[in-house]
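Fold and contact review
Listed here are the chains, written in short residue letters.
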Amino acid sequence: AVNNIASQLCTIDNKGFLKLWDITSEPKCITTKQCHANRGLKCTFSPDCATIATTSADASAKLWNIIEDDISLFETFTSPDQKWVWDAVFSTDSQFLFTASSDGTVRLWDSQISSSPKQEYAAHQKAVVSIAFWDKEAQSF
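Residues numbered from 1 in each chain as written. Predicted model: local features only at pLDDT ≥ 70, side-chain atom pairs only at ≥ 80, totals over all residues. Heavy atoms only, no water.

1. Details of the overall build of the protein
Formally: Runs of H or I in DSSP of at least four residues are treated as helices and runs of E of at least two as strands, each being numbered from the N terminus. Based on C-alpha atoms, the radius of gyration is set beside the globule rule, defined as 2.2 Å times the residue count to the power 0.38. Three exposure classes are used, based on accessible area relative to the maximum for each residue type with a 1.4 Å probe and protein chains only: buried under 20%, partly exposed in between, and exposed over 50%. Contacts between residues were defined by any pair of non-hydrogen atoms, one from each residue, lying within 4.5 Å.
In terms of regular secondary structure, the protein is built from zero helices and 11 strands. Taken over C-alpha atoms, the radius of gyration comes to 15 Å for the protein, in line with the 14 Å a tight globule of 141 residues would show. For the C-alpha atoms alone, the extent of the protein along its principal axes is close to 45 × 40 × 25 Å. Burial status across the protein gives 41% buried among its 141 residues. Contacts in the protein between residues far apart in sequence, at least 24 positions, make up 40% of those at least 6 positions apart.

Encoded structure:
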């Protein structure tokens, strides 16, 4: 994933290690951190470029604050029935996070409170592996 101002790239591997890259000139890895115990599946920047969300086969999504050239864990999102978390997408204002899980459920989380999902969308019979969010109220022409 590339942030909105095209200055940083984040990548996550199948061992759960996230790398944050400076891509303003010559690509340079500026930090590496083990974010999940196994199989990192997705990483994405928040629209305000202050946070990275990661998802994993460990049944969690995590939010990481970007602090200069490092990241620190901010929140962990888990639900009792949740299985692999395949995808995550932020709301336009970075206040909410949607996650997609192998249990066929999309969950909406408040990005500031990890206690339980605000909403669950459970109509799929199989794993939800990808999601997209469009905020028509934020659209301007």
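2. With respect to the sheet that holds strand E1 (residues 8-12)
The following threshold applies: The pairing criterion for strands is at least two bridges between them, as found by DSSP. Lines fitted to the C-alpha atoms define the axes, with helices restricted to the stretch that makes contact. Angles between their N-to-C directions range from 0 to 180 degrees.
Reading across from one edge, E1-E2-E3 is the order of the three strands in this open sheet, with antiparallel pairing throughout. Because the sheet does not close on itself, it has two edges, and the strands there are E1 and strand E3 (28-34). Neighbour-to-neighbour, the strand axes of this sheet turn through a mean angle of 20°, independent of strand direction. Two elements, E1 and strand E2 (residues 17-22), share five bridges in a ladder whose sense is antiparallel. In the strand pairing of E2, isoleucine 12 is matched with leucine 18.

3. Description of the environment of alanine 100
Inspection of the secondary structure assignment puts alanine 100 in strand E9 (residues 96-101). Through-space distance from the C-alpha of alanine 100 to that of alanine 61 is 9.6 Å; in sequence the pair is 39 residues apart. If sequence neighbours within four positions are ignored, alanine 100 has contacts with Trp84, Val85, Trp86, Asp87, Thr105, Val128, Ser130 and Ile131.

4. Observations regarding unusual backbone geometry
Within the chain, arginine 39 stands out as a residue other than glycine whose phi angle is a positive 30°. With respect to the element layout, arginine 39 can be found in the loop between E3 and strand E4 (40-45). A residue is classified by how much of its surface remains accessible, and arginine 39, at 44% relative accessible area, is partly exposed. Phi angles above zero are rare outside glycine, and serine 94 is one such case at about 70°. Secondary-structure assignment places serine 94 in the loop between strand E8 (85-90) and E9.

5. A closer look at the environment of glutamine 34
Counted only if it meets this: Any pair of N or O atoms that falls within 3.5 Å is considered a polar contact. Within protein, one atom must be able to donate a hydrogen and the other to accept it, and sequence-neighbouring residues count only if both atoms are side-chain atoms.
With respect to the helices and strands, the residue glutamine 34 is situated in strand E3. Taking the C-alpha atoms as reference, glutamine 34 lies 24 Å from aspartate 81; in sequence the two are 47 residues apart. Excluding residues within four positions of it along the chain, glutamine 34 makes contact with Lys15, Gly16, Phe17 and Trp64. In terms of polar contacts, glutamine 34 uses its side chain to reach the backbone carbonyl oxygen of lysine 15, at 3.4 Å. Among the polar contacts listed, one links the side chain of glutamine 34 to the backbone oxygen of histidine 36, at a separation of 3.1 Å.

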